[in-house]
Amino acid sequence: MESDTPADLPALLRSLRVWDVDLPGFDPGAAPADPVPLFATWFADAVAAGQVEPHVMSLATAGADGLPDVRYVMLHGADRRGWQFATHATSRKGRQLAERPYAALGFYWPARGRQVRVRGPVVPASEAESQGDLHARSTGALAAALVGRQSEVLEAKGELGRVSDAAWERAGREPRTPVPSWTVYTLAPDEVEFFQGDERRRHVRLRYRREAPDTEQEAWVKELLWP
């Protein structure tokens, strides 16, 4: 019986190197008490290192059925409240977040051999904040939001072209057009993990964990994890 896997795929996979760059050091003992300043530092370092699209992150969600989903979205901000992203409330991820408002984010910056993982409850922003986020973005972002229908079945590619052309025309003519389904979400983390790769596989993993996640106390516990 023939395999569906090309014969050269295993060899190709084994031939690939990981982190073919000079990896930076990371002293977890010097890490700040709060994860957001460290994230901002690592993010700026990834940008300076030439990392392609460092603001793109994986977003994992699950709906009422408990089955996981993952996709890539753009980071819209990170502050004391948490990490922000946006989507249509009517999209698959929007519906899943309504059913089960908990998610996980993943950043991978191979130019520095680094990952950041974040997970926690997700809260939607107000309509005013969500529309302000949308209207601060490009004409293309507004046009895409006006197209809407995210995750719905597309009967024909030509239909997308027609709707998209009309959305671009309207976005250029009415740059403050509201899109009621557009929603900014904030993931307020229970845990944030920073991973620094090491050539000898002595990877450094530093986890921030909320000591009292059900209170307003901003206390974090920092702990090292085995790689």
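This text goes with the structure placed above it.
Rules and cut-offs
Residues numbered from 1 in each chain as written. Predicted model: local features only at pLDDT ≥ 70, side-chain atom pairs only at ≥ 80, totals over all residues. Heavy atoms only, no water. Core = buried A, V, L, I, M, F, W, Y, C linked by side-chain atoms within 4.5 Å. Buried < 20%, exposed > 50% of the residue type's maximum accessible area, 1.4 Å probe, protein only. Helix = DSSP H or I, 4+ residues; strand = E, 2+ residues; numbered from the N terminus. 1 Å grid on protein atoms, 1.4 Å probe; cavity = no way out; pocket = protein on both sides within 12 Å on 5 of 7 lines; lining within 4 Å. Points joined across faces, edges and corners; volume = space filled by probe spheres on them. Nonpolar A, V, L, I, M, F, W, Y, C, P; charged D, E, K, R; others polar. Polar contact = N/O pair within 3.5 Å; in protein donor to acceptor, adjacent residues only side chain to side chain. Contact = heavy atoms within 4.5 Å. Expected span 1.5 Å × (residues − 1). Arc of directions from axis to C-beta. Salt bridge = Lys/Arg side-chain N within 4 Å of Asp/Glu carboxyl O. Pairing = 2+ DSSP bridges.

Caption draft 1: How the structure looks around the nonpolar core. Within the largest apolar cluster, 28 residues are counted, with the highest numbers of intra-cluster contacts made by W83, F85 and V116. Of all the secondary structure elements, the ones that give two or more residues to this core are α2 (35–48), β1 (56–62), β4 (82–88), β5 (102–109), β6 (114–124), β7 (182–187), β8 (191–196) and β9 (204–210). With five residues, the top contributor of residues to this core is α2.

Caption draft 2: Representation of empty space enclosed by the protein in the model. Applying the stated criterion across every chain yields a total of one cavity of 30 Å³ or more. Taken as a whole, the largest cavity holds about 60 Å³ of empty space. Contributing to the lining of the largest cavity are 12 residues, with D34, V36, R80, R210 and W220 lying nearest its centre. Within the residue set of the lining of the largest cavity, elements represented by two or more residues are α2 and β4.

Caption draft 3: Structural view of the layout of surface pockets. When its volume is computed, the largest pocket comes out at roughly 280 Å³. Lining the largest pocket are 14 residues; nearest its centre among them are A86, T87, A144, Q150 and W182. Elements with a minimum of two residues in the lining of the largest pocket: β2 (68–74), β4 and α5 (139–147). Broken down by class, the residue content of the lining of the largest pocket amounts to seven nonpolar, five polar and two charged. Of the volumes computed, that of the second largest pocket is approximately 190 Å³. What lines the second largest pocket is simply V147, G148, R149, Q150, S151, E152, V153, L154, E159, L160 and V163. It is helix α6 (residues 157–173) that contributes the most residues to the lining of the second largest pocket, three residues altogether. Of the residues in the lining of the second largest pocket, the class split is five nonpolar, three polar and three charged.

Caption draft 4: The side chain of S91, seen in detail. Residue position: S91 is located in the loop between β4 and α3 (92–99). By relative accessible area, which is 1% here, S91 ends up buried. A polar side-chain atom of S91 sits 2.7 Å from the main-chain carbonyl oxygen of H88. Beyond its immediate stretch of four places on either side in the chain, S91 contacts Q150 and S151.

Caption draft 5: Geometry of α2. Here α2 is 14 residues long and its end C-alpha atoms lie 20 Å apart, about the 20 Å a rise of 1.5 Å per residue gives. Regarding α2, the residues found buried are P35, V36, L38, F39, W42 and A46. End-on, the buried residues of α2 take up no more than an arc of 155 degrees, which puts them together on one face. Two or three places before V36, at the start of α2, stands the capping residue D34, its side-chain oxygen 2.8 Å from that residue's backbone nitrogen. Just downstream of α2 lies G50, where phi reads positive at about 85 degrees.

Caption draft 6: Here's a closer look at the pattern of salt bridges. Counted according to the given criterion, the structure contains 16 salt bridges. Between E223 and R207 there is a salt bridge, and its shortest N-O distance comes to 2.8 Å. Note that E223 is positioned in strand β10 (residues 220–225) and R207 in strand β9, a separation of 16 residues in sequence. A cluster of three or more residues bridged by salt bridges with shared partners is formed by E169, R170, R173 and E174.

Caption draft 7: The arrangement of the pairing of β4 in detail. Of all seven residues in β4, seven are buried, a share of seventy percent or more. Judged from the three bridges that link them, strand β3 (residues 77–79) and β4 form a sheet pairing that is antiparallel. Note that in β4 the partner of G77 across the bridge is Q84. Linking β3 to β4, which pair antiparallel, is a turn of two residues. Pairing analysis gives six bridges linking β4 to β7, with the strands arranged antiparallel. Paired with T87 across the strands is T183, a residue of β7.

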